[in-house]
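Descriptive structure summary
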Amino acid sequence: MANYMELLSFGDSGWGDELASGVLVTVTLALATLPLGLLIGFLIAVAKNSTEPLLRNAAHVYTTIFRGLPELLTLFLIYYGGQMAMSALWRLLFGHAFEVNSYLAGMIALALVFSSYASEVFLSAFRGITLGQYEGAYALGLSRSRTMLLVILPQLVRLALPGLSNLWLNLLKDTSLVSIIGLTDLLRNTNIAVGVTKQAFFFFFVACSLYLMMSIISSFGLRRVSAWAERGQGRR
């Protein structure tokens, strides 16, 4: 037992600092991806809810592609394909290559996948808001933008929150995929520790425990947010 505790110690003799650094990268990557994924997902849902056929069809093609592709393949396409495209564009504009780092590639790829699922959650929430809500806001003299901001968006958040909570937990787990392209997240640092110490079961068990801990903390936080969003609903 003492040997195992020494393996988790901080400093040169243990792997505690590497694992802690990996947790930090995992959490910051998920947090950086979340707003981008939510924004794209919301815009895609608005396009799907549009009366314009071209917007609707483009949004459906987008979600079909990124829901149909494996997340790992999307990550490879963004990391390698995006690198080629950006390097060619940068060389054309500025005369030198541009390198897409693994953190940025991971964030973009995860945001694309997250947004394709989030758009369906937002679309279901849109359909849960009756037409009378829009008509009532317009009757009060509110513009389309103010109607969306003051009337529709608060209800949309409340209706979409359960589905988005599940997507956040999936996103937290999907960050482990970026270890394939060299980002030093929790899983990659765990693999390095296993390669050096040959203690595979122990370090993978520790990694499992850390992922579960992050999920449990997230669940508590999401429960609080959900309670805040539902405030006043029980009195109606």
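What this report covers is the structure whose coordinates are included nearby. (Residues numbered from 1 in each chain as written. Predicted model: local features only at pLDDT ≥ 70, side-chain atom pairs only at ≥ 80, totals over all residues. Heavy atoms only, no water.)

Turning our eyes to something else, we now look at the overall build of the protein. Along its length, the protein carries 9 helices and 0 strands. The order of helices and strands in the protein, counted from the N terminus, is α-α-α-α-α-α-α-α-α. Taken along the three principal axes of its C-alpha coordinates, the protein extends 70 × 55 × 30 Å. By the burial criterion, 37% of the 236 residues in the protein qualify as buried. (Helix = DSSP H or I, 4+ residues; strand = E, 2+ residues; numbered from the N terminus. Buried < 20%, exposed > 50% of the residue type's maximum accessible area, 1.4 Å probe, protein only.)

End to end, helix H7 (residues 144-174) covers just 37 Å across 31 residues, shorter than the expected 45 Å (1.5 Å per residue, more than 12% under). The principal kink in H7, of about 55°, is found at Leu161, preceding the proline Pro162 by one to four residues. (Expected span 1.5 Å × (residues − 1). Bend = angle between axes of the 7 residues up to and from the residue.)

Attention now goes to the packing of aromatic side chains. In this structure the tally under the stated criterion is 7 aromatic pairs. Relative to Tyr80, the ring of Tyr79 has its centre 5.0 Å away and its plane inclined at 70°; by these criteria the two rings are edge-to-face. Judged by relative accessible area, Tyr79 falls into the buried class, the value being 15%. Accessibility expressed as a relative area gives 47% for Tyr80, which makes it partly exposed. Here the aromatic rings of Phe202 and Phe203 are separated by 5.2 Å at their centres, their planes lie at 75°, and the arrangement is edge-to-face. Using a relative accessible area of 0% as the deciding quantity, one classes Phe203 as buried. Site record: aromatic cluster; members linked through ring pairs are Phe42, Phe122 and Phe126. (Phe/Tyr/Trp six-rings, centres within 6.5 Å; stacked < 30°, edge-to-face > 60°.)

For the rest of this paragraph, the subject is empty space enclosed by the protein. Vacant regions in the atomic arrangement are exposed by a probe of water-molecule size rolled over the atoms. All chains considered together, the criterion is met by 1 cavity of 30 Å³ or more. Computed from the structure, the largest cavity encloses a volume of approximately 40 Å³. Taken together, Glu71, Thr74, Leu75, Ala109, Leu110, Val113 and Leu177 make up the full set of residues lining the largest cavity. Taken together, the elements giving at least two residues each to the lining of the largest cavity come down to helix H4 (71-94) and helix H5 (102-127). (1 Å grid on protein atoms, 1.4 Å probe; cavity = no way out; pocket = protein on both sides within 12 Å on 5 of 7 lines; lining within 4 Å. Points joined across faces, edges and corners; volume = space filled by probe spheres on them.)

Relative to the helices and strands, Ser218 resides in helix H9 (residues 200-229). Among the residues examined, Ser218 registers a relative accessible area of 14% and is labelled buried. A distance of 2.9 Å separates the side chain of Ser218 from the backbone oxygen of Met214, its partner in a polar contact. Those residues in contact with Ser218, other than ones at most four positions away along the chain, are Trp168, Leu169 and Leu172. (Polar contact = N/O pair within 3.5 Å; in protein donor to acceptor, adjacent residues only side chain to side chain. Contact = heavy atoms within 4.5 Å.)

Turning to helix H8 (residues 186-197), a few remarks are in order. With 12 residues, H8 should reach 16 Å at 1.5 Å per residue; the first-to-last C-alpha distance of 16 Å fits that figure. Within the sequence span of H8, burial applies to Leu186, Asn189, Thr190, Ala193 and Val194. Buried residues of H8, viewed axially, fall in a sector of 145°; they line one side. Among the structural elements, helix H2 (16-48) and H9 are those in contact with the buried residues of H8. (Arc of directions from axis to C-beta.)

Roughly 420 Å³ of volume is contained in the largest pocket. Taken together, 14 residues line the largest pocket, and the ones lying closest to its centre are Asn49, Tyr134, Tyr138, Arg144 and Met148. Elements represented by at least two residues in the lining of the largest pocket include exactly helix H6 (131-139) and H7. Each pocket or cavity is described by its volume, and for the second largest pocket that value is around 350 Å³. Among the secondary structure elements, those contributing two or more residues to the lining of the second largest pocket are H2, H7 and H9. If you tally residues by element for the lining of the second largest pocket, the top one is H7, at 8 residues. Taken together, the residues that form the lining of the second largest pocket break down as 14 nonpolar, 2 polar and no charged. (Nonpolar A, V, L, I, M, F, W, Y, C, P; charged D, E, K, R; others polar.)

A word on the pattern of salt bridges. Under the defined criterion, the tally for this structure stands at 2 salt bridges. Residue Glu120 is joined to Lys48 by a salt bridge in which the shortest nitrogen-to-oxygen separation is 2.1 Å. Remark: Lys48 occurs in helix H2 and Glu120 occurs in helix H5; sequence separation between them is 72 residues. On the accessibility criterion, Lys48 (5% relative accessible area) is buried. Between Glu120 and Arg67 there is a salt bridge, and its shortest N-O distance comes to 3.7 Å. Here the residue Glu120 occupies a position in helix H5, and Arg67 occupies one in helix H3 (residues 53-68), the gap between them amounting to 53 residues. A relative accessible area of 25% places Glu120 in the partly exposed class. The structure contains a network of salt bridges with shared partners spanning Lys48, Arg67 and Glu120. (Salt bridge = Lys/Arg side-chain N within 4 Å of Asp/Glu carboxyl O.)

It is worth stressing that arrangement in space is one thing and function is another; only the former is reported here.
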